Amino acid sequence: MRLEVSSATIRRDFDQLAEQQMLVRSYRTARHASEKQRIAKAVAGLVTPGTAVGLTGGTTTTEVARALAVRPDLTSGSPALTVVTNALNIANELAVRPQFKIVVTGGVARPQSYELIGPLADGVLSQITIDVAVLGVVAFDVTHGAAAHDEAEAATNRLLCERAARVIVAADSSKLGQRAFARICAADTVDTLVTDTAADEDTVRRFEEAGIRVVAA
């Protein structure tokens with residue numbers, strides 16, 4: 001049924017409900033949701049059972065966590081996977097899976113991304129080694145590398161990548177060829193890019209010429 005009210009009225013009503021703690025406003029939207037789910041399934045397929053996997057925060061990496069949780073060959077094991085993450089929402093989703101060993105970094109929580117950052121997070125990451133890091137980004141470019149909006153978030157994610165034997169960037173095509181404020185890592189430290197089939201052919205070619213394996217899901 002049409003409400004026949006303006007968008008401004010709806011926003012005011014939401015603001016009032018939020019002030020009364022009758023709802024929680026969320027500013028993160030699942031744009032490119034279907035693409036991210038396909039990317040996540042492809043990334044999950046690159047993970048070997050029994051290994052240690054690092055997951056940064058983000059909507060795409062959250063989908064990766066969900067894809068790992070339902071992979072048939074990861075439903076049992078001791079552990080089936082060790083998952084290291086600085087994302088509170090990912091840890092919360094996977095903690096109920098007894099076949100996964102979950103390691104949370106600690107740190108100060110960023111409400112915008114649910115990621116734990118800062119010296120406390122760095123202290124844990126500096127003491128571990130992981131097999132593969134799955135990196136969520138806001139931008140990934142051959143010249144400028146992988147990037148985030150926040151410099152502290154980028155620094156923690158950079159350390160996660162440095163502790164990994166292999167780095168996978170999981171990014172939908174809208175992130176490719178873009179640049180953002182805080183660099184996480186250079187493109188030549190990334191082994192694999194998993195993106196969607198809408199990725200520009202020239203952009204894909206540049207990544208491949210830089211020695212990055214590109215998987216289009």
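Preceding this paragraph is the structure being described.
Parameters and conventions
Residues numbered from 1 in each chain as written. Predicted model: local features only at pLDDT ≥ 70, side-chain atom pairs only at ≥ 80, totals over all residues. Heavy atoms only, no water. Helix = DSSP H or I, 4+ residues; strand = E, 2+ residues; numbered from the N terminus. Buried < 20%, exposed > 50% of the residue type's maximum accessible area, 1.4 Å probe, protein only. Contact = heavy atoms within 4.5 Å. Areas by Shrake-Rupley, 256 points an atom, 1.4 Å probe, with all protein chains shown as cover. Patch = residues over 30% accessible without salt bridge, like charges linked within 9 Å, V, L, I, M, F, W, Y side chains within 5 Å. Salt bridge = Lys/Arg side-chain N within 4 Å of Asp/Glu carboxyl O. Pairing = 2+ DSSP bridges. Axes fitted to C-alpha atoms, helices over the stretch in contact; angles between N-to-C directions. Polar contact = N/O pair within 3.5 Å; in protein donor to acceptor, adjacent residues only side chain to side chain.

Draft legend 1. Representation of the overall build of the protein chain in the model. Per the secondary structure count, the protein chain includes seven helices and twelve strands. Per-residue burial for the protein chain yields a buried fraction of 45% across its 217 residues. Considering only intrachain contacts with a sequence separation of at least 6, the fraction spanning at least 24 residues in the protein chain is 68%. When the accessible area of the protein chain is evaluated, it comes to approximately 11400 Å², of which 51% is carbon and sulfur surface.

Draft legend 2. Layout of a nonpolar patch on the surface. Residues Leu88, Val104 and Tyr114 make up a contiguous nonpolar surface patch of about 240 Å² in total accessible area. Mapped onto the fold, Tyr114 is located in the loop between β4 (108-110) and β5 (115-117). The class of Tyr114 is partly exposed, set by a relative accessible area of 36%.

Draft legend 3. Expanded view of the side chain of Thr60. In this structure, Thr60 sits in helix α3 (residues 59-69). Other than its neighbours up to four places away in sequence, Thr60 contacts Lys36, Ile39, Ala40 and Ala170.

Draft legend 4. Highlighting the sheet that holds strand β8 (residues 145-148). Taken in spatial order, the three strands line up as β7-β8-β10 in an open sheet, and their pairing is antiparallel. Single-partner strands in this sheet number two, and they are β7 (139-141) and β10 (182-185). Strand after strand, the sheet turns through a mean of 35° between neighbouring axes, direction not considered. Judged from the three bridges that link them, β8 and β10 form a sheet pairing that is antiparallel. Residue pairing across strands places Ala146 opposite Cys185, the latter belonging to β10. Here helix α6 (residues 151-162) sits on the sheet in contact with β8 and β10, set at roughly 5° to β10.

Draft legend 5. View of the side chain of Thr195. Positionally, Thr195 belongs in strand β11 (residues 192-195). Of note is the side chain of Thr195, whose polar atom sits 2.8 Å from the backbone oxygen of Ala171. Beyond its immediate chain neighbours, meaning those up to four positions away, Thr195 contacts Ile39, Ala171, Asp172, Ser173, Leu176, Val214, Val215, Ala216 and Ala217.

Draft legend 6. Spatial organisation of the sheet that holds β11. Spatially, seven strands are ordered β3-β2-β1-β6-β9-β11-β12 in an open sheet, and the strand pairing comes out parallel. Every interior strand has two partners, whereas the edge strands, β3 (100-104) and β12 (213-216), have only one. Put simply, the sheet's adjacent strands are angled 20° from each other on average, direction ignored. In this structure, strand β9 (residues 164-170) lies alongside β11, joined through three bridges in parallel fashion. Its bridge partner lying in β11, Ile168 is registered against Thr192. Against the sheet, helix α2 (residues 33-44) makes contact with β6 (130-136), β9 and β11, and its axis sits at roughly 145° relative to β11, the strand it touches most.

Draft legend 7. Fine view of unusual backbone geometry. Put simply, Ser78 and Pro79 share a cis peptide bond, and its omega is -10°. Locating Pro79 in the fold gives a position in the loop between α3 and β2 (81-85). The phi angle at Tyr114 is positive, at roughly 65°, despite the residue not being glycine.

Draft legend 8. Here's a closer look at the pattern of salt bridges. By the definition in use, this model includes eight salt bridges. The shortest N-O distance in the salt bridge between Glu93 and Arg66 comes to 2.7 Å. Pair noted here: Glu93 is in helix α4 (residues 88-94) and Arg66 is in helix α3, with a separation of 27 residues, a long-range link. Glu93 sits in the partly exposed class, given a relative accessible area of 29%. Taking the relative accessible area as the measure of exposure, Arg66 reaches 37% and is therefore partly exposed. Arg205 is paired through a salt bridge with Glu209; the nearest N and O atoms lie 3.5 Å apart. Residue Arg205 and its partner Glu209 are both found in helix α7 (residues 201-209); the two are separated by four residues, about one turn of the helix.

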